[in-house]
Number of protein chains: 2
Amino acid sequence: MAVTLQPAAFAKSAEKTRSTASPSPDTLQRVEQWGLFELALHGPASGNPFQDVTFSAAFTHEHRTVEVKGFYDGDGVYKVRFMPDMQGPWSCVTASSSKELNGHSTRFDCTAPSPENHGPVTTAHRYHFLHADRTPYFPFGTTTYAYFFTGDAHAADSLAGMKGAFNKTRACVLPKPLGQGAQILPFPNTGAAADSRGGTNDYARFNPAYFQLLEKRIVELQSAGIEADCILFHPYDAWGYKAMPSEVDDFYLRYVVARLAAYRNVWWSIANEYDLVKSKTTADWDRFFRIVQAEDPYSHLRSIHHSAVIYDHSKPWCTHASLQSYDFEKSAERRAAWNKPIIYDEIQYEGDVERRWGNLSAEEMTRRFWLAAVRGVYATHGEVFIADENGPHAHEPSWSDAGRLRGESASRIHFLHDLVAAHTQVGLNEYEGSYYLCSGTPNELYLWYFDYHRPARYEFPLPNTANFEATLIDPYAMTQTKLDGMFSGKSRVALPNRPYQAILFRKISDVIGKPTGKAPTPEVQD
Amino acid sequence: MAVTLQPAAFAKSAEKTRSTASPSPDTLQRVEQWGLFELALHGPASGNPFQDVTFSAAFTHEHRTVEVKGFYDGDGVYKVRFMPDMQGPWSCVTASSSKELNGHSTRFDCTAPSPENHGPVTTAHRYHFLHADRTPYFPFGTTTYAYFFTGDAHAADSLAGMKGAFNKTRACVLPKPLGQGAQILPFPNTGAAADSRGGTNDYARFNPAYFQLLEKRIVELQSAGIEADCILFHPYDAWGYKAMPSEVDDFYLRYVVARLAAYRNVWWSIANEYDLVKSKTTADWDRFFRIVQAEDPYSHLRSIHHSAVIYDHSKPWCTHASLQSYDFEKSAERRAAWNKPIIYDEIQYEGDVERRWGNLSAEEMTRRFWLAAVRGVYATHGEVFIADENGPHAHEPSWSDAGRLRGESASRIHFLHDLVAAHTQVGLNEYEGSYYLCSGTPNELYLWYFDYHRPARYEFPLPNTANFEATLIDPYAMTQTKLDGMFSGKSRVALPNRPYQAILFRKISDVIGKPTGKAPTPEVQD
């Protein structure tokens, strides 16, 4: 379990720290590896603490020291958060422009992580992902834009839908107008309309309660094993946040990173549909990437999501591509060009709304996830249904803001996740040039997906150096049917005469007495 | 009914012609407009009549004379065929290098066409087709490569499947190996293997019986209202026909055109998968087009079908594009570039074979026909199923050679044909920029096809200058459901929450008292 203390408790703990320079071993605070250590101190409350006071801490383990920025959390409380990445003793000393906050020191013991804590996710194996403890991580995420700032009931519905189905969600740090009266905002705002839109923002200050709510939600996600892909800017604005002065953009980014970076499940999405934010230039987006990169001591994943114009994902601060498209046939080319993992973060939505991006059937959504997986890339779910205006859920937000899950694809997506996780530690990679779409690991694993094709039989070009077992998979029915016998070399297998079927071959033994040469990849024919 | 006499009868009628220079009015031969007039004369049978003797006839109606090449049909019989395009009296006089055949004259009366005879098909309305009598023609064809030279039983199966379902078929003039023992060949051949393959061809002569069979099949198609898209070259060869000397290619082309051009339902497809015939160059294909264009007095439709490399369809001798692809989204661009109708003549096959081009579901085939139709282009059906090796139809050829129709898409394709024919005299044209795929005629007709989208409702941007009736269409279930009421201007309509649905709006009256301005085309949104 992550150590996440409430502000009041932190303030007290900080008080204690000041009075106890050298805590005794039995009272030494314990923080698990990749958990969150927080030091809270009382300091100046007058003037504008958000801008007037600097506050940071240096965390030291053995020969290594990490400098971490703190932040003002309102009510005279200053906090600094840290995610230790090594087990053992850590010490900490604060630095501040305020005498009250400067030179405090404490120590804590970093303990082994709890079973569900695998550390933050990073890129790995060139095109894939991995937790810090080297547990495989395959992103099968969804989209809940308003999850951070919506009301508790909708957030609870959202979380219930995500639990056990998805392991990542995309959510906006800045609010979207919810159309449901007053809503909590990140900056002090005066004169907003009854629906909370508009008003005048005080960009010199933040509303700590807004970010405290957001942090609560991030912890909820963390407890459910869900990565929080935090969208830092977006065009769906009712208050001017998409066109703040540059110095406010940067001030906001530094504040958010100081608050959130120590949560291990945070990813940074610089923007959603960045190219629809007309007030900013490519130089702005590049600068935001560099600020986040410089301010985040843990190098959480960084991406940017487009609408029509794809960002140049080869830029060094971009850890992976976050695309809005479903042209998976371009994946091999893109992976090679960018040399990074690719997540197709918006592949249209399951649902029934009038817009053409929002009315996929569950079958089509499932198909797109399979096409992505077999191409060696990842996809992200989204859902938008028309509210039942006369039913019990009238005026409910749609899932992709936050709310109830209504579609039928989530369980199919989860089924695919578990299939991938059961058969690879690395991730799937497409066999380029395969006659039908195929991915896996040469000599070990071959997963064919037939898409709209429905051959009644197929001669699978397996290597003759190993014996394989074969499992027919119906991706939508979520069935797996193991075939009798073993398969080696070219193997003709009868297939169900239906579209959208798959078959998986898994090595069970080596063939004895045959030369083990280079494994043939599925041949190019026709 | 077309006048189509058997060879024996023709020879006799020719005898009569020689003895009756001026037939009396009551014995004057009658040929319906776009029917086939044939004059058969006895001439030299020694030497090589195919090459040694020239034979032609000049057909005159009022001020116009058409020169038509004849051909040697074996057994000392020379024939010239003519398709009169004007009603009234025609006269004819022969010319030949042989005294026996030179200077014969006769007359015939061209009568009104019978009800099912609409004349040959030409291009019209820039992107569409039309019969010579201006009856609309919308090509909804299939593929029966071996139909011309297969045995009668398979041809009868084929014809039974085509009747009432398709109005065009693509068939090869040169044979494909059928793998069923001896088969009839177009050139005298000695030393062929037991399976009829190989051997030595005598390229100085033809086998008239081969072409007589082919003509019988063309007439069968004509009687069933089916256009014969005659493929002149192809790469599926077992005798050397794909690599004949250039002068043989030309000799063959002139012979085929002299024999077949007078059949009104003939189209010329210069080649199937021309780019797989490695022995020929673009210059060869261009020459073949020009020969066919020069030799055919009626300018039947001319196209060429590719495998991977699209021919330059802007060349003037090419009447329309015959594509192998299903990238219908490029149709608008291609129509504009070539300024000609487009038929996607191979969009993969319904079936269950191992090759990826041959295992579409009937649903996917139906979908592709709709995508083509709504894009303002045409598609062609094909079908390949694995033979039931133990069943009553073992070793039967697959439909796309010739044989039984087994798939489920043909009736859906016919349903679409009838829908198009019921609502337009011209053909469908896509509204470019429409938010969902839509085609029709501004102010008159709007046909939306939703493909994989399934909005529960949609606000259709109809013009407010007319009242429309609306019909929901399920393309696969083949149902049409008329909605209550009239629609005008922006009209929100509830839709079935299923993919692959369509809706048609048809004008039933003008709106009185409103200004009738320019009809809005469906707007671009989102």
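Every chain's residues receive numbers from 1 upward, in the order its sequence appears when written. In the order they appear in the text, chains get letters beginning with A and ligands get numbers beginning with 1. Owing to the predicted nature of the model, reporting of local features is limited to residues with pLDDT of at least 70; listing and counting of side-chain atom pairs is limited to 80 or more, with chain, interface and lining totals taken over all residues. Each side-chain value is worked out from all heavy atoms of the structure, with water and hydrogens disregarded.

An unreviewed UniProt entry lists chain A under the name DUF5060 domain-containing protein, with Silvibacterium dinghuense given as the organism.

On to the pairing of strand β8 (residues 121-124) of chain A. Residues and elements named next belong to chain A. Any two strands with at least two DSSP bridges between them are considered paired. A run of H or I in DSSP becomes a helix once it reaches four residues, and a run of E becomes a strand once it reaches two; helices and strands are each numbered from the N terminus. With four bridges joining them, β8 and strand β9 (residues 128-131) adopt antiparallel strand pairing. What sits directly across from Ala124, in β9, is His128. Counting the residues between successive antiparallel strands, the hairpin from β8 to β9 contains three residues, one of them, His125, with a positive phi of roughly 50°.

Moving on: the interface of chain A and chain B. Only heavy atoms enter the contact rule, under which two residues are in contact if any of them lie within 4.5 Å. Contact with chain A, which involves 34 residues of that partner, is made by 34 residues of chain B. Here the quantity called buried area is the accessible surface, traced with a 1.4 Å probe, that two parts lose on coming together, added over both. Note on chain A versus chain B: buried area summed over both sides is about 2800 Å², and carbon and sulfur give 38% of it. Of all residues in chain A, the largest losses of buried area upon contact with chain B belong to A:Glu354, A:Arg356 and A:Tyr452, amounting jointly to 26% of the total for that side. The term salt bridge refers to a pairing of a side-chain nitrogen on Lys or Arg with a carboxyl oxygen on Asp or Glu at a separation within 4 Å. The interface formed by chain A and chain B includes four salt bridges. The closest approach of N and O atoms between A:Glu354 and B:Arg457, which form a salt bridge, is 3.4 Å. Polar contacts, as used here, are pairs of N or O atoms within 3.5 Å; protein pairs need one atom able to donate a hydrogen and one able to accept it. Residues neighboring in sequence count only if both atoms are side-chain atoms. At the surface where chain A touches chain B, the tally comes to 34 residue pairs in polar contact (both at pLDDT 80 or more). Where the side of chain A that touches chain B is concerned, the elements lending two or more residues are β20 (350-351), α8 (362-374) and β25 (457-461) of chain A. Considering every element that reaches the side of chain A that touches chain B, the biggest residue donor is β25(A), with three residues.

As a rule of thumb, nonpolar side chains are buried together in soluble globular proteins. Only buried Ala, Val, Leu, Ile, Met, Phe, Trp, Tyr and Cys residues count toward a nonpolar core, and they belong to the same one when joined by side-chain atoms within 4.5 Å. Only protein chains enter the accessibility calculation, which uses a 1.4 Å probe; a residue whose area is less than 20% of its type maximum is buried, one above 50% is exposed, and one in between is partly exposed. Within the largest apolar cluster, 133 residues are counted, with the highest numbers of intra-cluster contacts made by A:Phe148 and A:Tyr252. Ranked by residues supplied to this core, first place goes to helix α5 (residues 246-260) of chain A with nine residues. If near-sequence neighbours (up to four positions away) are discounted, A:Phe148 is found in contact with A:Ala171, A:Cys172, A:Val173, A:Leu213, A:Leu214, A:Arg217, A:Ile218, A:Leu221, A:Ala228 and A:Cys230. Core analysis: the next-biggest nonpolar cluster, separate from the first, contains 132 residues, B:Val66, B:Tyr147, B:Phe233 and B:Leu437 among them.

With that out of the way, let us pick up the UniProt feature "domain: DUF5060" (unreviewed entry) in chain A. UniProt positions are given in the numbering used here, feature names are shortened, and annotations may be inferred rather than shown by experiment. The positions that UniProt labels "domain: DUF5060" (unreviewed entry) are, in the present scheme, residues 31-95 of chain A. End C-alpha to end C-alpha, residues 31-95 of chain A measures 22 Å, and it is 6% helix and 58% strand.

A separate point is unusual backbone geometry. Of note in this structure, B:Trp34 is not a glycine but carries a positive phi near 65°. Judged by its relative accessible area of 7%, B:Trp34 is buried.

A separate point is the relation of the copies chain A and chain B. By a simple turn and slide, chain A fits onto chain B: the slide is 0.0 Å along the axis, the RMSD is 0.0 Å, and the turn is 180°. Both copies are brought into coincidence by an operation consistent with a two-fold rotation axis. All copies are superposed by least squares; the fitting set is the C-alpha atoms of residues with a pLDDT of at least 70 in both.

With that settled, the discussion passes to the domain arrangement of chain A. A common way to state how big an interface is: give the accessible area lost once the parts meet. All names here are of chain A. Domain boundaries shown here were taken from an automatic or database domain assignment. By domain assignment, chain A separates into domain 1 (7-111), domain 2 (121-134 + 141-423) and domain 3 (438-510). At the interface, 14 residues of domain 2 touch 17 residues of domain 3. Interface area for domain 2 against domain 3, summed over the two sides, is near 1500 Å², with a carbon-plus-sulfur share of 72%. Interface area lost by domain 2 to domain 3 is led by Val374, Phe415 and His423, which between them contribute 40%. Summed over the shared surface of domain 2 and domain 3, the number is one salt bridge. In this structure, Arg367 engages Asp451 in a salt bridge whose closest nitrogen and oxygen atoms are separated by 2.6 Å. The tally of links between domain 2 and domain 3 comes to two residue pairs in polar contact (both at pLDDT 80 or more). Those elements that provide at least two residues to the side of domain 2 that touches domain 3 are α8 and α9 (410-423). Among the elements that take part in the side of domain 2 that touches domain 3, α8 stands out by supplying eight residues, more than any other. Class assignment of the residues belonging to the side of domain 2 that touches domain 3 gives a composition of seven nonpolar, three polar and four charged. For this scheme, ten residues count as nonpolar: Ala, Val, Leu, Ile, Met, Phe, Trp, Tyr, Cys and Pro. Four count as charged, namely Asp, Glu, Lys and Arg, and the remainder, Gly too, count as polar.

This part is about the pattern of salt bridges. The final tally for this structure, using the stated rule, is 72 salt bridges over all chains. Measuring nitrogen to oxygen at the nearest pair gives 3.0 Å for the salt bridge that ties A:Asp286 to A:Lys315. With A:Asp286 in helix α6 (residues 282-295) and A:Lys315 in the loop between β17 (302-303) and β18 (321-324), this residue pair connects regions lying 29 residues apart in the sequence. Its relative accessible area of 18% is what places A:Lys315 among the buried residues. Linking B:Arg287 and B:Asp284 is a salt bridge whose minimum nitrogen-to-oxygen distance equals 2.8 Å. Placement of both B:Arg287 and B:Asp284 in helix α6 (residues 282-295) is noted, with a separation of three residues, approximately one turn of the helix. The same class applies to B:Arg287 as to B:Asp284, namely buried.

The predictor attaches a confidence to each residue, called pLDDT, with possible values from 0 through 100. Averaged over all residues, the pLDDT of chain A is 92; the fraction at 70 or higher stands at 91%. Counting contacts from residues 1-23 of chain A, a segment whose pLDDT is below 50, to residues more than four positions away or on other chains yields 36 contacts.

All names here are of chain A. As summarised here, the arrangement of the seven strands in space is β1-β7-β6-β3-β4-β5-β2, forming an open sheet in which the pairing is mixed. The sheet terminates laterally at β1 (29-32) and β2 (37-42), the two strands that pair on one side only. The average angle at which neighbouring strand axes cross in this sheet is 30°, direction not considered. Inspection of the sheet shows strand β3 (residues 55-61) paired to strand β6 (residues 88-96) by six bridges, in the antiparallel sense. Paired with Phe55 across the strands is Ser96, a residue of β6. The convention used is that axes are lines fitted to C-alpha atoms, helices contributing only their stretch in contact, and that angles between N-to-C directions extend from 0 to 180 degrees. Packed on one face of the sheet, α5 meets β4 (64-72) and β5 (77-82) and runs near 115° to β4.

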